[in-house]
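# Topology and contacts: notes
Listed here are the chains, written in short residue letters.
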Amino acid sequence: MSASAPERPTATPESGAPAWSAVVLDNGLRVLAQRSDRAPVAAVYLWLEAGTADETPEIAGVAHFLEHMVFKGTARRGVGESA
């Protein structure tokens with residue numbers, strides 16, 4: 001999977017926060033990244049452009065179901081390890 005060239009990070013001197021960089025993957029996924037050396041951890045946030053407002057009556061509740069699946073864990077990752 002390749003990605004388009006990253007956008008140039010925007011400076012945010014007024015907030016003191018590190019700048020963001022953005023990449024759009026071939027599948028349309030937009031990835032935003034912001035580096036911070038304040039702690040030796042990584043934080044991941046996920047926003048989807050879909051939800052209950054986008055559901056048809058035939059699939060009503062699917063977005064809420066998938067939301068809960070993220071928190072329940074998997075065979076390889078326990079509860080709380082992925083979200």
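My aim in this report is to walk through the structure given alongside it, one point at a time. Not measured: the values here are computed from a predicted model.

## Digging into the environment of A53
Locating A53 in the fold gives a position in the loop between β2 (30–34) and α1 (62–72). On the accessibility criterion, A53 (78% relative accessible area) is exposed. For the pair A53 and A63, spaced ten residues apart in the sequence, the C-alpha separation amounts to 9.4 Å.

## A look at the pattern of salt bridges
A complete count under the given rule lists one salt bridge for this structure. Of the charged contacts in the structure, one is a salt bridge between R35 and D37, with a shortest N-O distance of 3.2 Å. D37 shares its class with R35; the two are exposed.

## A short note on a nonpolar patch on the surface
The grouping of I59, V62, F65, L66 and M69 at the surface amounts to a nonpolar patch, some 460 Å² of accessible area in total. Among the secondary structure elements, F65 is positioned in helix α1.

What counts, and where the lines are drawn
- Residues numbered from 1 in each chain as written.
- Predicted model: local features only at pLDDT ≥ 70, side-chain atom pairs only at ≥ 80, totals over all residues.
- Heavy atoms only, no water.
- Helix = DSSP H or I, 4+ residues; strand = E, 2+ residues; numbered from the N terminus.
- Buried < 20%, exposed > 50% of the residue type's maximum accessible area, 1.4 Å probe, protein only.
- Salt bridge = Lys/Arg side-chain N within 4 Å of Asp/Glu carboxyl O.
- Patch = residues over 30% accessible without salt bridge, like charges linked within 9 Å, V, L, I, M, F, W, Y side chains within 5 Å.
- Areas by Shrake-Rupley, 256 points an atom, 1.4 Å probe, with all protein chains shown as cover.

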